[in-house]
Amino acid sequence: MVTALRQVVLPALPKDEPLAREQASLCIGQLVLLAEQVRYTTEYELLCLAEMRHLGSLLADAADGGPAICRAAASVRAAITAADDPVRTPRERRNAVAREIDALLHTGTEDGTAEFRHRSHALVLAHGVRQSTRDRGWFRACGWDPDADSLPSVPEMIAEATS
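Residues numbered from 1 in each chain as written. Predicted model: local features only at pLDDT ≥ 70, side-chain atom pairs only at ≥ 80, totals over all residues. Heavy atoms only, no water.

**Student:** Would you mind going over the overall build of the chain with me for this structure?
**Tutor:** Scanning the chain from terminus to terminus reveals 7 helices and 0 strands. Its helices and strands taken in sequence order, the chain reads α-α-α-α-α-α-α from the N to the C terminus. For the C-alpha atoms alone, the extent of the chain along its principal axes is close to 70 × 30 × 25 Å. Considering the chain as a whole, with its 163 residues, one finds that 32% of them fall into the buried category. Surface accessibility of the chain: about 9,800 Å² in total, with carbon and sulfur atoms responsible for 58%. (Helix = DSSP H or I, 4+ residues; strand = E, 2+ residues; numbered from the N terminus. Buried < 20%, exposed > 50% of the residue type's maximum accessible area, 1.4 Å probe, protein only. Areas by Shrake-Rupley, 256 points an atom, 1.4 Å probe, with all protein chains shown as cover.)

**Student:** Even after reading the chapter, I still don't get the packing of helix α4 (residues 67–82) against helix α5 (residues 90–111), so can you show me in this structure?
**Tutor:** For any two helices packed against each other, the geometry comes down to the angle between their axes and how far apart the axes lie. The contact between α4 and α5 brings their axes to 9 Å, and the two run at 170 degrees. When the interaxial angle is binned, α4 and α5 end up roughly antiparallel. For the pair α4 and α5, contact is made by Pro-67, Ala-68, Ile-69, Ala-72, Ala-73, Ser-75, Val-76, Ala-79 and Ile-80 and by Ala-96, Val-97, Glu-100, Ile-101, Leu-104, Thr-107, Gly-108 and Asp-111, respectively. When the residues that make up the contact of α4 with α5 are grouped by side-chain class, the tally is 12 nonpolar, 3 polar and 2 charged. (Axes fitted to C-alpha atoms, helices over the stretch in contact; angles between N-to-C directions. Parallel < 35°, antiparallel > 145°, perpendicular 65-115°, else oblique. Contact = heavy atoms within 4.5 Å. Nonpolar A, V, L, I, M, F, W, Y, C, P; charged D, E, K, R; others polar.)

**Student:** Which parts of the structure should I look at to understand the side chain of Gln-131?
**Tutor:** Inspection of the secondary structure puts Gln-131 in helix α6 (residues 114–138). For Gln-131, a relative accessible area of 15% gives the class buried. Each residue touching Gln-131, except ones within four places of it in the same chain, is listed here: Tyr-44 and Cys-48.

**Student:** How do you make sense of the pattern of salt bridges when you look at a structure like this?
**Tutor:** Pairing between side chains becomes possible if they bear opposite charge and their charged atoms approach one another. Summed over all chains, the structure comprises 7 salt bridges. For Arg-53, the salt bridge goes to Asp-84, with nearest N and O atoms at 2.9 Å. Pair noted here: Arg-53 is in helix α3 (residues 41–62) and Asp-84 is in the loop between α4 and α5, with a separation of 31 residues, a long-range link. Note that Arg-136 and Asp-145 form a salt bridge whose closest N and O atoms lie 2.5 Å from each other. Exposure remark for Asp-145: the relative accessible area of 18% places this residue in the buried category. Look at the salt bridges and you will find they share partners, linking Glu-51, Arg-130 and Arg-134 into a network. (Salt bridge = Lys/Arg side-chain N within 4 Å of Asp/Glu carboxyl O.)

**Student:** In this structure, what is going on with the packing of α3 against α5? I would like to understand it.
**Tutor:** The N-to-C vectors of α3 and α5 enclose an angle of 25 degrees; their axes lie 9 Å apart at closest approach. In terms of orientation, α3 lies roughly parallel with respect to α5. Seen from above, α3 lies across α5 with left-handed handedness. Counted together, Glu-45, Leu-46, Cys-48, Leu-49, Met-52, Arg-53, Leu-55, Gly-56, Leu-59 and Ala-60 of α3 and Pro-90, Arg-91, Arg-93, Arg-94, Val-97, Ala-98, Ile-101, Leu-104 and Leu-105 of α5 form the full contact between these two elements. Among the residues forming the contact of α3 with α5, the class breakdown is 13 nonpolar, 1 polar and 5 charged. (Left-handed = near helix turned anticlockwise from the far one by under 90°.)

**Student:** Please explain α3 as it appears in this structure.
**Tutor:** One full turn of an α-helix is made of 3.6 residues, so residues set three or four places apart face in the same direction. In this model, α3 (22 residues) spans 32 Å end to end at C-alpha, consistent with the 32 Å of a helix rising 1.5 Å per residue. Considered for burial, the residues of α3 that qualify are Tyr-44, Glu-45, Leu-47, Cys-48, Leu-49, Glu-51, Met-52, Leu-55, Gly-56, Leu-59 and Ala-60. Contacts from the buried residues of α3 go to α4, α5, α6 and α7 (154–162). (Expected span 1.5 Å × (residues − 1).)

**Student:** Is there a simple way to think about helix α1 (residues 2–12) in this case?
**Tutor:** Looking at α1, one finds that the buried residues are Val-2, Leu-5 and Leu-10. The arc that holds every buried residue of α1, seen down its axis, measures 50 degrees, which confines them to one face. For α1, exposure combined with an orientation more than 90 degrees from the buried face picks out Gln-7, Val-8 and Ala-12. Those residues of α1 hidden inside the fold are in contact with α2 (18–37). (Arc of directions from axis to C-beta.)

What follows is the structure, given as structure tokens:
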């Protein structure tokens, strides 16, 4: 498809149709990106699941306060354990853990200690930096990132995470 678009469709588009040419180029870019990503989608989602489970574990361990936050921490731990279920996709399992983390964080605003709120803030920000870097690497091939050369390729990112 990429070859057909590059060698047949794009050259056939009139030069005075910049929008059509731009859209064809965007389609080519998306197909190239998909071709790079498709082989690594499961591994990438498993990596994101592992990171979310790690964050959940750290937050549950840091949970401190009243009974509501203790229940929320137990729910995070249960979601982490349930994330071993191979019937659900890695994305579904990651999202289930993330929902419980979200509930824990919201509970922490009312029932958590100041120390928990401070610690959870630092843990979530550190996770966000790691996930943002992963996401930027995942979309590196789009060429939109001003620092794309500083990011790992998808194969490099997966290899680093599994080594």
